[in-house]
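# Coordinates in review
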Amino acid sequence: MTEWYYVDIRHERQGPVSPEALTGLYRSGALTSASLAWREGMNQWTPLGELAVELGIADTRPVPASPAPAAQEPEPQPAPVERPLTGRAVFTASEPSYARHAPAHASQSDAVAAAAAATRAVAAGESPEAAASPYAAPRADMGRVTYSPPVADGHVVYAGFWKRVAASFIDAFAIGIPVGIVATIIAGLLGLGSSFADGFSGAAGAFNVGETAISYVLSAMAYGWFHSAAGLMATPGKLAIGIKVVRADGDRISFLRGFARYWATILSAVILGIGFLMAAFTSRKQALHDLVCDTLVVDKWAFTSQPGRQREELGPVALAVLIIGGLLIAGAVILMLVAFAALFSMSR
């Protein structure tokens, strides 16, 4: 849905609002055809009168007839002033003033808010005049990531077992491969050897304990950072699926809790994966490591001011990842069966 911004009668920028809300403000008289509006894709602010066709706000409001002015006696016109002929033009009009005057109804709180906005603009490297202009197009703040406190009211959609599986497939590539490369480099620099190099050299026991330990620690740090980062609260896989990790009350988890949660997932795996399967049967779809660390995996719009944007279904991304992952696993199983059959036939 298109989101609109507009300038109200106090020359302050408002929005975003829906097209229906903007039309309602116009028909109620809060906005006029001269009021400026803007949406994404427009080059500049435009009067509502020029957007009548797009918004469907053809001005059909009755215009009250102005009363006929009372008959007044004509005022005497002042006598023209004789000016000397000096051979050059004489300008008598005063230079217009461009100073902005604060409206009479402006309160002290408005002045404080304006001063705070100017301070933030200076800190961001832009002039206060540019920040205070109501005609400036909205800009996304790419330099800071803000975190909004959780909203407890509203329905919560918990991430089920298959959404978690799809996110794990993505994280295996998005986090597992970079962590494996970095762990190999660190292990080589520390003189712990490299299972990658040993495997190519044909050395027995290519499994490297030191490299594996470094890989686990780096993975725990990566998962802890992604799950605790403001604005993310999810690994790349969870971001793609549209889910996040929060505390039981919807608040953001700390880095240490995210770090410990990764090690708790190992506990869920060593008991034959039963800890992961618990997410399909518990009331709030918590796996064993969620119960241990007091966390929830929920839809990305849960515990926000827009809970209606949550979705129960898997979604196209999760469905595509599950299909591709299932085909890869099925192909690997078939290759293993063919290899075992070949070895069995050779041994006979």
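The structure displayed is predicted, hence computed values, not measured ones.

### Observations regarding helix α6 (residues 176-189)
Here α6 contains 14 residues, and its C-alpha end-to-end distance of 20 Å stays within 8% of the 20 Å for a straight helix at 1.5 Å per residue. Of the residues making up α6, those classed as buried are Val179, Ala183 and Ala187. For α6, the angular spread of the buried residues around the axis is 65 degrees, confining them to a single face. In the core, the buried residues of α6 are packed alongside α8 (209-228). Gly191 sits one or two residues past α6 and shows a positive phi near 75 degrees.

### A few points about the packing of helix α5 (residues 161-174) against α6
Running from N to C, α5 and α6 cross one another at 30 degrees; their axes reach a closest spacing of 3 Å. With respect to their mutual orientation, α5 and α6 come out roughly parallel. Across from Asp171, Ala172, Phe173 and Ala174 in α5, the residues of α6 making contact are Gly176, Ile177 and Pro178. Taken together, the residues that form the contact of α5 with α6 break down as five nonpolar, one polar and one charged.

### Considerations on the pattern of salt bridges
Under the criterion given, the structure shown has three salt bridges. Asp294 is the partner of Arg247 in a salt bridge, and the nearest nitrogen-oxygen pair spans 3.1 Å. Taken together, the residues span a long stretch of sequence, with Arg247 in strand β5 (residues 243-247) and Asp294 in the loop between α12 (288-293) and β6 (295-299) at a distance of 47 residues. In this structure Arg247 comes out as partly exposed when scored by relative accessible area, which is 25%. For Asp294, a relative accessible area of 31% corresponds to the partly exposed category. Among the salt bridges present, the one from Asp290 reaches Arg261, with a minimum N-O distance of 2.8 Å. Here Asp290 is found in helix α12, whereas its partner Arg261 is found in helix α10 (residues 255-270), with 29 residues between them in sequence. We classify Asp290 as buried; its relative accessible area is 0%. Take Arg261: its relative accessible area is 5%, and that puts it in the buried class. The network of salt bridges with shared partners includes Arg164, Arg261 and Asp290.

Thresholds applied
Residues numbered from 1 in each chain as written. Predicted model: local features only at pLDDT ≥ 70, side-chain atom pairs only at ≥ 80, totals over all residues. Heavy atoms only, no water. Helix = DSSP H or I, 4+ residues; strand = E, 2+ residues; numbered from the N terminus. Expected span 1.5 Å × (residues − 1). Buried < 20%, exposed > 50% of the residue type's maximum accessible area, 1.4 Å probe, protein only. Arc of directions from axis to C-beta. Contact = heavy atoms within 4.5 Å. Axes fitted to C-alpha atoms, helices over the stretch in contact; angles between N-to-C directions. Parallel < 35°, antiparallel > 145°, perpendicular 65-115°, else oblique. Nonpolar A, V, L, I, M, F, W, Y, C, P; charged D, E, K, R; others polar. Salt bridge = Lys/Arg side-chain N within 4 Å of Asp/Glu carboxyl O.

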